[in-house]
Amino acid sequence: MPRNTVLSSHRFTTASRRVLATLGTVMVSMMVFAPASFAEVEPPEVTTHEIDISVELTAQGQVTVHEEHTWEFASTPPSTLGRQLDRFTQYAPEEWRRLEYANITATSEDTEFTHSVLDDGNTLHVVLTPTTGQLPQRLTAELSYTVEGTLTFARGASENLDQEFFWPIMTTDRFTTTVTTAIDGPRAPRKATCDFAAPETEEDEDEDEESEIPPVTCDVSGNANPTLSLLDAREGTTLAARVTWPQGTFTRLGVNDIDVDSPEDSDTPGEGTEGPEFDPTWTENIDQGLDEGNSWTMVAMIAVIALSVTAGVYLLTRRRPDQRAKDAPLADVAWVREHSGSPITTVMDTPTIPARNTPPHDLTVAVAGALAAKELRAREVTAMLLDLADRGHLTITQNTGSWILTHNPDLEDSTTAAESALLDAIFADAPRAELTSIAEQLAPQFLQVLQEIGQETAQLGLFRQDLEHEALVKAGRKQRTPLGRAYFEELIGFRTYLSDPTPETLTPQVFYRWLPWAVVLGVTEQWAVAADNAGVGFHDPSWFPTRASTYQEFIVALDELAQTSF
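Here is a short report on the structure shown in this document. (Residues numbered from 1 in each chain as written. Predicted model: local features only at pLDDT ≥ 70, side-chain atom pairs only at ≥ 80, totals over all residues. Heavy atoms only, no water.)

### Brief notes about the overall build of the protein chain
And step 1. Secondary structure assignment for the protein chain yields 14 helices and 23 strands.
And step 2. Counting over 566 residues, the protein chain shows a buried share of 42%.
And step 3. Per element, the accessible surface of the protein chain, about 30400 Å² overall, is 51% carbon and sulfur. (Helix = DSSP H or I, 4+ residues; strand = E, 2+ residues; numbered from the N terminus. Buried < 20%, exposed > 50% of the residue type's maximum accessible area, 1.4 Å probe, protein only. Areas by Shrake-Rupley, 256 points an atom, 1.4 Å probe, with all protein chains shown as cover.)

Set out below in C-alpha cells:
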C-alpha cells in the first residue's frame, strides 16, 4: 500500500466522524433489537390448518371462490401443499352433479411458489410447490377460482321456481382446526342453510341409530348473507353449502345432472350408490338460460354433440396394436436391443410364453405393472409399497381404523424417483405415519408418484405415447414399442409361473419377494393358493404382522390394507 494512502486513512474529517457515529448507532440498535426481530419462531405443538372461504355470486350466474389457507407446522414443512376440488357431488340419493373449475390462481406473501393442476378425471388437485425448495414454518396462501354447475332450480320449491346454489365446499383433513365460509349473493336469500356431516365415532354408535347430526344453520337477518364457522373440525368432516334465492335472482343458471340408479337389492333409495366414472365424452355444463334460443341453433348443437360423442366412442374403443421386431424370438429383450434397426410388424395377440420363475431383471415392479396395463393405476403404488417393505424400507402394522407405517431411513438401498416420491409423501413429517386413506390424505403427492412411474416408463422407451391415469380410460390407445413388447412377453412368462409355480421353487421368502409382482399382474390369489397347496410353511413377513394362518388369509389382510389405504 502506498505511504500516502496509509497516512490518509488516519485523517478523519468531521463529516466522516458523523457518518461513522451514525453507522455505530444503527449497529447497536440492530444488536439490541435483533433478538426480537430475528429470533426463531417456536413451532406449535401440533400442525394446524385454518381455512377462510368466501364465495361471490353475481346476478349473471358467475360463481367466484376466494380461499385463504393458514398453516402452522409442528415439524419440518412438507415439500408441497395441495387442495382437492371434487368434480362430482351427490345432490340427491339418485342424482349426481358435475362441476367445472377454471381461472385457478394461487399467491402468497410469505414465500414464492408455483402452482400446478393435476387432473385424475374425478378430481382436480391444485399443488403448491415453493420455488426456494422449502416452505416456511408458518404460511398463508390465497387460492382463487371460478366454478360452474352449482346453480339450478331448487328441488321441492313452490312451482319449482326458486333458484338454489349448492356446492360441496370440502372435506377437512386431520390438521384442520377452523373453517369459515361466507356466501355473498346479489340479494338477501330467503333461506340459507350450511350443513356439515361429521365422521362416525364410537360415541356416535352408542346413540340411537335414527338420530341425525343437526345441520349448522347460517343465521340470516336483513340483507346479511350466510356465514358458516366450524371450530375444532375433525378429520373427514364434509362441508356443503345450500342457499336458496327467490325467482329472478339470477339471469343464468348452469348445472349438469347425472342420474345414478340405486341397486335393486337395496331397501333404502340411493343406499350403496357409487359415484359416476369419469367419461371424457360428456359435454360441458348445460346452460339453463331463461330466454328461449333459436330452434335451428339448438338442432345444430345437438348434431355437433352427437358427432362428438360418436367420435369419442370410436377413439375410446379403437385399440392400437403393439409394435414388434419382426424377426425377434419371443421374450428376448437382449435380441431387440442388439437389433434396434430390424423390421417392425404390428401384433394384437397375447402369445403363449413358457413359464419363467424370475421377472425382467431391469424393470421395477411399478413400471412392469404400467407396461402390462398400458396405464397408471393405484395398483402399481400398492405393489411399490409392498416391495419397499420387503426390501426393509418400512414396516406396516394395523391399528383400529388406520394403518401405522414406520420408516427405516438408515437402510442402505437405492430407490427410484417414484419410490423416493412415495416415501417422501408418506413420511414427510415424521418417520412414523398413521394413515386412513392415502388417496385423500396424500392426493397431490400420490399423483406425483404416478407421474414418476410414467416418466420412468417413458425413459425406458416402452411406449410410443405417454401413459395416463386409469380414470381416463385410454389404455387401448397406447402402443408398446418393440422393446416394450419384448419386455411384455417376458412378463407374460413370469405371470404364467406365478399362476402355477413349481412347488419345489416356493419358500416363504420367495412368496413375499414376488408378491408385489403378483399384485400388478393380477394373479395374487393364484400365487397364494399355489403356496398353500405346495405345503409351504406359513409365517408372517417381518414387515407386516397379521393374524393369518395361511397365505390365502394373508392375502385377505392385504386386500384390507389396499382397500383402506388406496
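Now that the structure is up, let's keep going.
### Here we look at the packing of aromatic side chains
And step 1. Summed over the entire model, instances satisfying the criterion amount to 17 aromatic pairs.
And step 2. Centre to centre, the rings of Y512 and W543 are 6.2 Å apart; their planes meet at 80°, and the pair counts as edge-to-face. Note that Y512 is positioned in helix α12 (residues 508–521) and W543 in the loop between α13 (524–533) and α14 (551–565), a separation of 31 residues in sequence. The same class applies to Y512 as to W543, namely buried.
And step 3. Ring centres 6.4 Å apart and planes at 55° place the aromatic pair F538 and F554 in the tilted group. With a gap of 16 residues between them, F538 in the loop between α13 and α14 and F554 in helix α14 connect regions that are remote in the sequence.
And step 4. The buried category is assigned to F554, whose relative accessible area is 0%.
And step 5. Residue placement shows R480 over the ring face of F488; its charged tip is 3.7 Å from the ring centre. (Phe/Tyr/Trp six-rings, centres within 6.5 Å; stacked < 30°, edge-to-face > 60°. Lys NZ or Arg CZ within 6 Å of the ring centre and 35° of its normal.)

### Concerning the sheet that holds strand β21 (residues 394–399)
And step 1. The strand order β21-β22-β23 describes an open sheet built from 3 strands, whose pairing is antiparallel. Edge positions in the sheet fall to β21 and β23 (432–435), since each of these pairs with one other strand and no more. For this sheet, the mean angle separating the axes of adjacent strands, direction not counted, is 20°. (Pairing = 2+ DSSP bridges. Axes fitted to C-alpha atoms, helices over the stretch in contact; angles between N-to-C directions.)

### A closer look at the pairing of strand β2 (residues 63–72)
And step 1. When strand β1 (residues 48–57) meets β2, the two strands line up antiparallel, connected through 10 bridges. Paired with L57 across the strands is V63, a residue of β2.
And step 2. Hairpin connection, β1 to β2: the antiparallel pair is bridged by 5 residues, and G61 has positive phi, about 90°.
And step 3. By the bridge criterion, 9 bridges tie β2 to strand β9 (residues 138–148) in an arrangement that is antiparallel. Residue pairing for β9: E72 is matched across the bridge by R138.

### A short note on the pattern of salt bridges
And step 1. Applying the stated criterion across every chain, the model contains 15 salt bridges.
And step 2. With its nearest N and O atoms 3.7 Å apart, the salt bridge here joins R337 to D362. Taken as a pair, R337 in helix α5 (residues 333–338) and D362 in the loop between β20 (344–347) and α6 (365–373) lie far apart in primary sequence, 25 residues in all.
And step 3. Note that R391 is salt-bridged to D413, the shortest N-O span being 3.0 Å. One end of the pair, R391, is in the loop between α7 (378–390) and β21; the other, D413, is in the loop between β22 (402–407) and α8 (417–426), and 22 residues separate them in sequence.
And step 4. Exposure remark for R391: the relative accessible area of 27% places this residue in the partly exposed category.
And step 5. Within the structure, one salt-bridge network assembled from shared partners comprises D322, R324, K374, R480, R485 and E489. (Salt bridge = Lys/Arg side-chain N within 4 Å of Asp/Glu carboxyl O.)

### Topic: the sheet that holds strand β7 (residues 113–119)
And step 1. Across the sheet, 3 strands lie side by side as β3-β8-β7; this open sheet has antiparallel pairing. Single-partner strands in this sheet number two, and they are β3 (81–86) and β7. Averaged over all pairs of adjacent strands, the angle between their axes in this sheet comes to 20°, without regard to strand direction.
And step 2. Both β3 and strand β8 (residues 123–130) contribute to a ladder of 6 bridges, which runs antiparallel. The residue of β8 that forms the bridge with G82 is V127.

### Remarks on a negative patch on the surface
And step 1. Taken together, D52, E68, E109, D110 and E142 make up a surface patch of like negative charges.
And step 2. Within the secondary structure, E142 is located in strand β9. (Patch = residues over 30% accessible without salt bridge, like charges linked within 9 Å, V, L, I, M, F, W, Y side chains within 5 Å. Lys, Arg positive; Asp, Glu negative; His and termini not counted. Charge placed at Lys NZ, Arg CZ, Asp CG, Glu CD.)

### Here we look at α7
And step 1. Helix length check: α7 (13 residues) gives 19 Å between terminal C-alpha atoms against 18 Å at 1.5 Å per residue, within 8%.
And step 2. Extensive coverage of α7 is indicated by the burial of 10 of its 13 residues.
And step 3. All of the buried residues along α7 are E380, V381, T382, A383, M384, L385, L386, D387, L388 and A389.
And step 4. Taken from the residues just after α7, G392 is the one with a positive phi, measuring 100°. (Expected span 1.5 Å × (residues − 1).)

### A short note on helix α11 (residues 482–499)
And step 1. Between its terminal C-alpha atoms α11 stretches 26 Å, which fits the 26 Å expected from 18 residues at 1.5 Å a residue.
And step 2. Among the 18 residues that make up α11, 15 are buried, leaving the element largely enclosed by the rest of the structure.

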